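Here's the letter readout for the chains.
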Amino acid sequence: MTAAPSPSPSPSRRGLLLGVGAYVSWGFLPLYLRLLSHVPPMQVLAHRVLWSLLLLGVIVVVARRVGDIRRAARGRTLLLLAASAALIAINWYVFIWAINSGHALSASLGYFINPLVNVALGVAVLGERLRRLQGVAIAVAAAGVLVMAVAGGVGVLWVPLALATSFGTYGLVRKVVAIDALGGLTIETLLLAPLCLAVVLLAGQGGDGTGAAFGHDRYTDLLLIGSGAATAAPLLMFAAAARAMPYSTLGLLQYIAPSMQFVEAVWLFGEPLRGYHLATFGLIWTGCALFAWDSVRASRRDGPGTAAPDRR
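Residues numbered from 1 in each chain as written. Predicted model: local features only at pLDDT ≥ 70, side-chain atom pairs only at ≥ 80, totals over all residues. Heavy atoms only, no water.

Asker: Account for helix 8 (residues 181-204), naming residues and giving values.
Answerer: The periodicity of an α-helix, 3.6 residues per turn, causes residues three or four positions apart to be oriented the same way. For helix 8, built from 24 residues, the straight-helix expectation of 34 Å at 1.5 Å per residue is met to within 8% by its first-to-last C-alpha distance of 33 Å. At Ala193, helix 8 is bent by approximately 45°, the largest bend along its length, and proline Pro194 sits one to four residues beyond. Of the residues making up helix 8, those classed as buried are Leu182, Gly183, Gly184, Leu185, Thr186, Ile187, Glu188, Thr189, Leu192, Ala193, Cys196 and Ala203. In this fold, the buried residues of helix 8 make contact with helix 2 (41-62), helix 3 (66-72), helix 4 (75-99), helix 7 (158-176) and helix 9 (218-244). (Helix = DSSP H or I, 4+ residues; strand = E, 2+ residues; numbered from the N terminus. Expected span 1.5 Å × (residues − 1). Bend = angle between axes of the 7 residues up to and from the residue. Buried < 20%, exposed > 50% of the residue type's maximum accessible area, 1.4 Å probe, protein only. Contact = heavy atoms within 4.5 Å.)

What follows is the structure, given as structure tokens:
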């Protein structure tokens, strides 16, 4: 007598697993980037783009999506993808630099306030209505940013603000682009590829003053090649999760990554946690908790949400 096959997980459960997998992968990303701390950030960014493009190209060909993506990436869509490519490149570069320059704590703060920046951009640019509790959440988070500016100086704010605004604006652009996550990311990396290839070639000729990181030792080469998978895999998991679970649930998962990055910055990287950090993060976390509660309450009232925006 043969055993009955085990039932496959439901779409919502599969989506939850994929969503957790994506955000946990992003949470571990600083540990991966620290292994590349001896490589200039611009070269890490260039290899991240180029190896991602190679992996995405294989996926697109195997999935027979070349024609669909080529037809979609025209006119206004292509112009918007060029803008989103520039924004995500800035975001990736600042994040890489921050992790390997002793600013991982500031980087985690940037991704904590990112959801609130998304709401503010939706109101300012798209004319979306702000629910009362969302307004309170943004005000509380803004108070945290003000505390950090007053106590730590404006100079400590540029990393979290650069990350939050670049990614928030990136999400806003991707929200209005008529292309899916796989197609959009493929075109973005394709647009960035010529500049990234130039960076790698110039580094090989000593053009950046440091020399090329690739081709000297197998350990570094494997890490740079692996950065493509470390970039593309979480994005693909996230895209699949966004199709299989409610927006509000996926939105709550986004705090996994910065929470992990916070722990890594303090307990693994040894970055100092000062009093104004505690005050700032306390206010930011309060704002995030209010925002999360409002999202859950709205989801229960209105039913399942729409697909979530693209990330990283």
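Asker: Tell me about the packing of aromatic side chains, and name the residues and values.
Answerer: Scanning the model with the defined rule gives 12 aromatic pairs in all. Aromatic pair Phe262 and Trp285: ring centres 5.3 Å apart, planes at 75°, arrangement edge-to-face. In this pair, Phe262 is assigned in helix 11 (residues 256-268) and Trp285 in helix 12 (residues 275-302), connecting sequence segments 23 residues apart. Here Phe262 falls in the buried class, since its relative accessible area comes to 9%. Judged by centre distance (5.4 Å) and plane angle (45°), the ring pair of Phe281 and Trp285 falls under tilted. A residue pair is termed a helical-turn pair when its members lie 3 or 4 positions apart in one helix, as Phe281 and Trp285 do in helix 12 at 4 residues. The class of Phe281 is buried, set by a relative accessible area of 2%. Judged by its relative accessible area of 34%, Trp285 falls in the partly exposed class. (Phe/Tyr/Trp six-rings, centres within 6.5 Å; stacked < 30°, edge-to-face > 60°.)

Asker: Report on the pattern of salt bridges, specifying residues and quantitative values.
Answerer: Under the defined criterion, the tally for this structure stands at 5 salt bridges. Residue Arg65 is joined to Asp68 by a salt bridge in which the shortest nitrogen-to-oxygen separation is 3.8 Å. Of the residues examined, Asp68 reaches a relative accessible area of 38% and is grouped as partly exposed. For Asp180, the salt bridge is made with Arg65, and the minimal N-O distance between the two is 2.9 Å. Linking Asp180 in the loop between helix 7 and helix 8 with Arg65 in the loop between helix 2 and helix 3, this pair joins segments that are 115 residues apart in sequence. (Salt bridge = Lys/Arg side-chain N within 4 Å of Asp/Glu carboxyl O.)

Asker: Lay out the environment of Val60 in plain terms, naming residues and giving numbers.
Answerer: Within the fold, Val60 resides in helix 2. Considered as a pair, Val60 and Gly183 are 123 residues apart in the sequence and their alpha carbons are 8.1 Å apart. If we skip the residues at most four places from it in the chain, Val60 touches Arg65, Val66, Ile69, Leu182 and Thr186.

Asker: Would you mind going over the environment of Val266 in detail, with residue names and values included?
Answerer: Positionally, Val266 belongs in helix 11. Distance from Val266 to Leu105, taken between C-alpha atoms, is 7.3 Å for residues 161 residues apart in sequence.

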